[in-house]
Amino acid sequence: MDRWGLTLPLPGLTLADHEELVKRAESAGYSDLWTGETSGPDGFTPLALSAAWTKRARLGTGIVGVFQRGPALLAQEAAALADASGGRFVLGIGSSSDRIVEGWNGIPFERPLSKVRETLEFLRTALAGERTESGFKLETKPAHEIPIVLAALRGKMLELAVERADGAFTNFLPLAGLPKVTAQLSEAPEGFELLCRFFCIPGEREEVEPLARFMFSSYITVPVYTAFYRWLGYGEQIEPMVQAWEAGDRQAAAAAAPWEAIEDTFVFGTPEQMKERLAAFVDGGITLPILTPIVTPGKLAETIEALAPS
């Protein structure tokens, strides 16, 4: 495996308690640490800490939203992390979702594709140390190039990533849907990356099923993911789940979640089975799998080491 990533922050741990595990992950062979940004810590703080705790690992935001921050602030944060890490930083940006942007932050979720494109163009100019059309210029030009990866599930956002970014970041992708995504990357330049986050839940079906059903139904009913699954061809399978969720019945939605799709999206089993499963995604075109171990805090160290690249 060329690259092997881990999601930060790790579940159930304070940020102050991450140091030992972050260092162990780097020693075990993880090449990358990528943050999520939902309702836990923001996408930048865990990476700022990790920049001080690591020597080689690449640090990426996977992803931060373009609606919640102005483009100048995004440029400042990216430049600061590239500086702090000695050039090991990758900026992953995306539109986020209507639930987070509009629901939680009270910001209208309008024209997400245009917003991402405009932000990307602004960042390219600002991070090159040049003055943007709005008159913003970083105090100091970044000493290192800062690659930009776009969160892109389908269609025009994937096209934009291929045209203007250094990679695309996907999520909750079933293995059977991977060829449909990679088919859109035929015009991608050399070195273009396809990153994907994987939720890794150790155990057999009877142990993992309740949690996996809950996670799948709460994610895939978010409109951007519903549209993604319909585009992938799962419209009929997810419809009963979506209807139950929209009716406010969370339990019925979890029960109606299609197990075949869940099994094709999550990574279950023993460490060996999980690594075999991840290898199938890599063989299919994922250049960087980013692992999210779903275990209790006491089992994080052993799980991270068990899933480290061979």
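Residues numbered from 1 in each chain as written. Predicted model: local features only at pLDDT ≥ 70, side-chain atom pairs only at ≥ 80, totals over all residues. Heavy atoms only, no water.

1. Some points on the overall build of the chain
Here is step 1 of the chain: Each helix and strand in the chain was counted, giving 14 helices and 10 strands.
Here is step 2 of the chain: Computed over C-alpha atoms, the radius of gyration of the chain comes to 19 Å, within 12% of the 19 Å expected from 2.2 N^0.38 for 310 residues, which places it in the range of a compact globule.
Here is step 3 of the chain: By principal-axis analysis of the C-alpha atoms, the chain measures approximately 55 × 40 × 35 Å.
Here is step 4 of the chain: Buried positions account for 52% of the 310 residues belonging to the chain. (Helix = DSSP H or I, 4+ residues; strand = E, 2+ residues; numbered from the N terminus. Rg over C-alpha atoms; globule rule 2.2 N^0.38 Å. Buried < 20%, exposed > 50% of the residue type's maximum accessible area, 1.4 Å probe, protein only.)

2. Comments concerning the layout of surface pockets
Here is step 1 of the chain: The space that makes up the largest pocket amounts to roughly 1,400 Å³.
Here is step 2 of the chain: In terms of lining residues, the largest pocket is bounded by 49 residues, among which Thr38, Ile100, Asn171, Tyr219 and Tyr225 are the most central.
Here is step 3 of the chain: Among the elements of the structure, strand E1 (5-8), helix H4 (98-104), helix H5 (112-127), helix H6 (155-164), strand E7 (167-171), strand E8 (193-202), helix H8 (205-220) and helix H9 (223-232) are those that each provide at least two residues to the lining of the largest pocket.
Here is step 4 of the chain: Counting residues per element, the lining of the largest pocket draws most heavily on H8, at five residues. (1 Å grid on protein atoms, 1.4 Å probe; cavity = no way out; pocket = protein on both sides within 12 Å on 5 of 7 lines; lining within 4 Å. Points joined across faces, edges and corners; volume = space filled by probe spheres on them.)

3. Notes on the packing of H8 against H9
Here is step 1 of the chain: Here H8 crosses H9 at 95°, and the two axes come no closer than 7 Å. Taken together, the axes of H8 and H9 are roughly perpendicular relative to one another. Across from Phe216, Tyr219 and Ile220 in H8, the residues of H9 making contact are Tyr225, Thr226 and Tyr229.
Here is step 2 of the chain: Taken together, the residues of the contact of H8 with H9 sort by class into five nonpolar, one polar and no charged. (Axes fitted to C-alpha atoms, helices over the stretch in contact; angles between N-to-C directions. Parallel < 35°, antiparallel > 145°, perpendicular 65-115°, else oblique. Contact = heavy atoms within 4.5 Å. Nonpolar A, V, L, I, M, F, W, Y, C, P; charged D, E, K, R; others polar.)

4. Considerations on the packing of aromatic side chains
Here is step 1 of the chain: Scanning all chains against the criterion turns up 18 aromatic pairs.
Here is step 2 of the chain: Residues Phe44 and Phe89 carry aromatic rings whose centres are separated by 6.3 Å and whose planes lie at 40° to one another, so their mutual orientation is tilted. Of this pair, Phe44 sits in the loop between strand E2 (32-35) and helix H2 (45-53) while Phe89 sits in strand E5 (residues 89-94), and the two are 45 residues apart along the sequence. As far as burial versus exposure is concerned, Phe44 and Phe89 are alike and both buried.
Here is step 3 of the chain: Ring centres of Phe228 and Tyr229 lie 5.8 Å apart, and the angle between their planes is 85°; this geometry places the pair in the edge-to-face category. By the burial criterion, Phe228 is buried, and Tyr229 matches it. (Phe/Tyr/Trp six-rings, centres within 6.5 Å; stacked < 30°, edge-to-face > 60°.)

5. As for the pattern of salt bridges
Here is step 1 of the chain: Using the criterion set out here, one finds 15 salt bridges in the structure.
Here is step 2 of the chain: Among the salt bridges present, the one from Glu193 reaches Arg58, with a minimum N-O distance of 2.9 Å. Linking Glu193 in strand E8 with Arg58 in strand E3 (residues 58-61), this pair joins segments that are 135 residues apart in sequence.
Here is step 3 of the chain: Here Glu193 falls in the buried class, since its relative accessible area comes to 15%.
Here is step 4 of the chain: Among the residues examined, Arg58 registers a relative accessible area of 14% and is labelled buried.
Here is step 5 of the chain: When salt bridges with common partners are traced through the structure, they connect Arg3, Asp32, Arg58 and Glu193 into a single cluster. (Salt bridge = Lys/Arg side-chain N within 4 Å of Asp/Glu carboxyl O.)

6. Let's talk about the environment of Glu193
Here is step 1 of the chain: Along the backbone, Glu193 and Phe89 are 104 residues apart, and their C-alpha atoms lie at a distance of 15 Å.
Here is step 2 of the chain: Residue contacts for Glu193: discarding those within four places in its chain leaves Arg3, Arg58, Asp166, Gly167, Ala168, Thr287 and Leu288.
Here is step 3 of the chain: A polar side-chain atom of Glu193 sits 2.9 Å from a polar atom in the side chain of Arg58. (Polar contact = N/O pair within 3.5 Å; in protein donor to acceptor, adjacent residues only side chain to side chain.)

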